[in-house]
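Listed here are the chains, written in short residue letters.
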Amino acid sequence: MADAIATAEDIESLYEPEQKACWEHEQLAQVQIKVVKAHNDSVNSCEYFDNDQKILTGSSDRTVKLFNVEDGLCLQTYKTKHKDIITEARGSKDRTKFVTSSFDKTVKYFDADTGNVVWTGTHGGMVMCCKLSNDGALVASGSDLDNCLQIRDARTGKMVHNIHDMHTSTITSVLFSPGDDKIMTTSMDRTTKFFDLKTKKVTIHLEGHINIISCCDITQDERRFATGSWDKTMCIWDIATGTYRSKGPARLQSAHEGSINCCKFSPDGLMLVSGAFDSTLVVWDVENEIQKIKLQGHSGWVEDVCFSQDQRWLMSCARDHTVRLWNIEDSDKIPIVLEKKRAIGVKIMKCESCGKPFSMAQLEDYQDLTKCVFCRVHTSDLYLEKSRTTLTDNSLNDNET
């Protein structure tokens, strides 16, 4: 950042030791946890910024903050001049801008270097969510009361689309597709819709949850789409083949005791994380539709989650005023207890050789088991010795004939 930031009226630079992150886990814990005491109120959104080197957060204390990932030091505090809580703050990929939404019925677009507001847009109701398109050209926002989806030109703030009849109740989340040709919205009316920016029509309408749909995400290849709900379940929709039309979505459930509030796919699309009002995070194995890890530590509702690009770290923020960084690089070695098999003491692990899940009784010493029985057999000394013996016997038989 430029030196001029230090004198900007709307930015505070903080370099206080107490702002640094602290480690919060037992010495032998399989998942290490780094905690950032981020805000004076609920942290409602968090995301990696500047090639995973920084963290951008938005809070109910009406500020946006920028933290250093390595030590959790607060680098900047942006005084947004919002008159009510910030529901979401999202940065552009070139790190030069960020957008915020607020209960004060406004969307604000900021210059990240100066902290100045470039433009302000208004809704008829509280603005629940906002997103920047991947190319940084558009801003989408959704509101309550008027249940309106607004799409604006990011450079000028000029309205591009103003869709009042998008849903019959509050819009809870908005998301641009990786190709920036569609916008997905979820709503309290228990539906999800895909708005095509080329045809200006809703092309996909999803129903399947029995309570408010709070969040959604899509894989980078646009094959899978996930929705999370207050019915405590995650649904994964195969939108590439459209098989959900006949078979419905894959349903992930029995992991959270509270309503699901946020979700995010890993960059490779093989994992999905969900955060809930029960203060927990669950990482799911998407291919096998099973729970990989359940993470506990927050003391308030989990408001947002995301993966680092290298997938070694998982980040979450919550109403407990903190941001947590979870080191999950060894997650495949952590045994998983399935709810439906808990009574018979079965654990599920992922084989480090073939990648397939395998079951194991709790009485076994699972600490050193990282391969399924088939891969263990094929690499055992006994198996190799038997193979050599078989080859030798076959060779002798061939010579005799």
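Let me begin by describing the structure that accompanies this report.

Analysis parameters
- Residues numbered from 1 in each chain as written.
- Predicted model: local features only at pLDDT ≥ 70, side-chain atom pairs only at ≥ 80, totals over all residues.
- Heavy atoms only, no water.
- Helix = DSSP H or I, 4+ residues; strand = E, 2+ residues; numbered from the N terminus.
- Buried < 20%, exposed > 50% of the residue type's maximum accessible area, 1.4 Å probe, protein only.
- Contact = heavy atoms within 4.5 Å.
- Areas by Shrake-Rupley, 256 points an atom, 1.4 Å probe, with all protein chains shown as cover.
- Pairing = 2+ DSSP bridges.
- Axes fitted to C-alpha atoms, helices over the stretch in contact; angles between N-to-C directions.
- Polar contact = N/O pair within 3.5 Å; in protein donor to acceptor, adjacent residues only side chain to side chain.
- Core = buried A, V, L, I, M, F, W, Y, C linked by side-chain atoms within 4.5 Å.
- Phe/Tyr/Trp six-rings, centres within 6.5 Å; stacked < 30°, edge-to-face > 60°.
- Lys NZ or Arg CZ within 6 Å of the ring centre and 35° of its normal.

### Re the overall build of the chain
On a plain count of helices and strands, the chain comes out with 3 helices and 33 strands. Looking at the chain as a whole, 55% of its 401 residues qualify as buried. Pairs at least 24 residues apart make up 41% of the contacts formed inside the chain by residues separated by at least 6 positions. For the chain, the exposed surface amounts to about 19000 Å²; the carbon and sulfur share of it is 47%.

### Quick notes on the sheet that holds strand β18 (residues 191-196)
As summarised here, the arrangement of the 4 strands in space is β16-β17-β18-β19, forming an open sheet in which the pairing is antiparallel. The outermost strands of the open sheet, each flanked by one partner alone, are β16 (171-176) and β19 (201-207). For this sheet, the mean angle separating the axes of adjacent strands, direction not counted, is 20°.

### So, the side chain of histidine 167
Looking at the secondary structure, you find histidine 167 in the loop between β15 (159-163) and β16. Given the relative accessible area of 4%, histidine 167 is considered buried. Polar contacts involving the side chain of histidine 167 include one to the side chain of threonine 191, which spans 3.1 Å.

### Let's talk about the pairing of strand β27 (residues 290-296)
Most of β27 sits out of view: 5 of its 7 residues are buried. Pairing of strand β26 (residues 280-285) with β27 involves 6 bridges; the strand directions are antiparallel. The partner of tryptophan 284 across the bridge, within β27, is glutamine 291. Count of turn residues in the β26/β27 antiparallel hairpin: 4 residues, of which glutamate 289 carries a positive phi of about 55°.

### So, the sheet that holds strand β10 (residues 106-111)
With antiparallel pairing, 4 strands are arranged side by side in an open sheet as β8-β9-β10-β11. Edge strands, defined here as strands with exactly one partner in the open sheet, are β8 (86-91) and β11 (117-122). If you compare each strand with its neighbour and ignore which way they point, the axes differ by 15° on average. Here 5 bridges tie β8 to strand β9 (residues 97-102), and the two strands are oriented antiparallel to one another. The partner of isoleucine 86 across the bridge, within β9, is serine 102.

### Overview of the nonpolar core
Counting 16 residues, the largest nonpolar core has Val273, Leu281, Leu295, Leu314 and Trp326 as its most contacted members. Contributions of two or more residues to this core are made by β3 (32-37), β25 (271-276), β26, β27 and β28 (302-307). With 3 residues, β28 is the largest single contributor of residues to this core. Setting aside anything within four residues of it in sequence, one finds tryptophan 326 in contact with Val31, Gln32, Ile33, Leu281, Leu295, Gln296, Gly297, His298, Arg312, Trp313, Leu314 and Ser316.

### Overview of the packing of aromatic side chains
What the rule picks out here adds up to 8 aromatic pairs. Among the aromatic residues, those joined into a ring-pair cluster are Tyr78, Phe98 and Phe110. In this structure, lysine 34 is placed above the aromatic ring of tryptophan 313, and the distance from its NZ or CZ to the ring centre is 5.5 Å.

### Here we look at the environment of lysine 292
Summarising the element assignment, lysine 292 is placed in strand β27. Sequence spacing of lysine 292 and leucine 272 is 20 residues, and the spatial spacing of their C-alpha atoms is 9.6 Å.

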